[in-house]
Amino acid sequence: MKNAVSRIGSLAINLFLFFTSLCFMVIPIGLTDYWERYPIYISEFIMCMSFIVIALAIPFGANFLLYRFWYKKSGMSKLWVAIPLLTVYLILGLLLVVFIFSIPEWGRFTWQIQ
């Protein structure tokens, strides 16, 4: 019974982590909507990249800590870390591709310092 409760709790936590990192990944995609009309500010570009790095780091860091302090003690397999991370990173990777392809003509940017 304890193992089943741990697995259900793990699933709930991983769903929460997925939606949290999804929110961090959608912010840069929303900010790039107006980049084709205006000059790109370097600080905004760095901010968007930092949101993407945060979105990719949240699930990895949280699952590492979950495995170290919870999954290992309750006897759960490492697959409870690998499968959710793989799923989250596949979806976030697709969003990263959308982010990259949503920026029109990378070579013609007018980069400006704000």
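Residues numbered from 1 in each chain as written. Predicted model: local features only at pLDDT ≥ 70, side-chain atom pairs only at ≥ 80, totals over all residues. Heavy atoms only, no water.

Topic: the overall build of the protein
Stage number 1. Looking only at helices and strands, one finds three helices and two strands in the protein.
Stage number 2. Buried positions account for 30% of the 114 residues belonging to the protein.
Stage number 3. Residue pairs at least 24 apart in sequence account for 81% of intrachain contacts in the protein once pairs closer than 6 positions are excluded.
Stage number 4. As displayed, the protein offers around 7400 Å² of accessible surface, 75% of which is attributable to carbon and sulfur atoms. (Helix = DSSP H or I, 4+ residues; strand = E, 2+ residues; numbered from the N terminus. Buried < 20%, exposed > 50% of the residue type's maximum accessible area, 1.4 Å probe, protein only. Contact = heavy atoms within 4.5 Å. Areas by Shrake-Rupley, 256 points an atom, 1.4 Å probe, with all protein chains shown as cover.)

Considering the nonpolar core
Stage number 1. With ten residues, the main nonpolar core is built from Phe18, Met25, Ile29, Cys48, Ile52, Ala55, Val88, Leu92, Leu95 and Phe99.
Stage number 2. Listed by contribution, the elements that provide at least two residues to this core are helix H1 (2-31), helix H2 (42-71) and helix H3 (79-102).
Stage number 3. Setting aside its immediate chain neighbours within four residues, Leu95 contacts Leu22, Met25 and Ile29. (Core = buried A, V, L, I, M, F, W, Y, C linked by side-chain atoms within 4.5 Å.)

A look at the side chain of Ser10
Stage number 1. Inspection of the secondary structure assignment puts Ser10 in helix H1.
Stage number 2. Those residues in contact with Ser10 that sit more than four places away from it in its chain are Trp70, Tyr71, Met76 and Trp80.

Description of the packing of aromatic side chains
Stage number 1. Here the structure, examined in full by the defined rule, presents three aromatic pairs.
Stage number 2. Their ring planes at 65° and their centres at 5.1 Å tell us that Phe18 and Phe19 sit as a pair that is edge-to-face.
Stage number 3. With centroids separated by 5.9 Å and ring planes inclined at 35°, the aromatic side chains of Phe24 and Phe51 adopt a geometry described as tilted. Of this pair, Phe24 sits in helix H1 while Phe51 sits in helix H2; the two residues are 27 residues apart in sequence, bridging distant segments of the chain. (Phe/Tyr/Trp six-rings, centres within 6.5 Å; stacked < 30°, edge-to-face > 60°.)

Brief notes about the confidence of the model for the protein
Stage number 1. Averaged over every residue, the pLDDT of the protein is 79; residues scoring 70 or more account for 82%.
Stage number 2. When mean pLDDT is taken per element in the protein, H2 scores highest with 85 and strand S2 (residues 111-112) scores lowest with 69. (pLDDT = per-residue confidence, 0-100.)

Re a nonpolar patch on the surface
Stage number 1. On the surface, Phe60, Phe64, Leu65 and Phe69 cluster together into a nonpolar patch covering about 440 Å² of accessible area.
Stage number 2. Along the chain, Phe69 turns up in helix H2. (Patch = residues over 30% accessible without salt bridge, like charges linked within 9 Å, V, L, I, M, F, W, Y side chains within 5 Å. Salt bridge = Lys/Arg side-chain N within 4 Å of Asp/Glu carboxyl O.)

Some thoughts on the side chain of Asn63
Stage number 1. Within the secondary structure, Asn63 sits in helix H2.
Stage number 2. Reaching out from Asn63, the side chain makes a polar contact with the side chain of Asn14 at a distance of 3.0 Å.
Stage number 3. With residues up to four places along the chain from it excluded, the contact list for Asn63 reads Asn14, Leu17, Tyr71, Val81 and Leu85. (Polar contact = N/O pair within 3.5 Å; in protein donor to acceptor, adjacent residues only side chain to side chain.)

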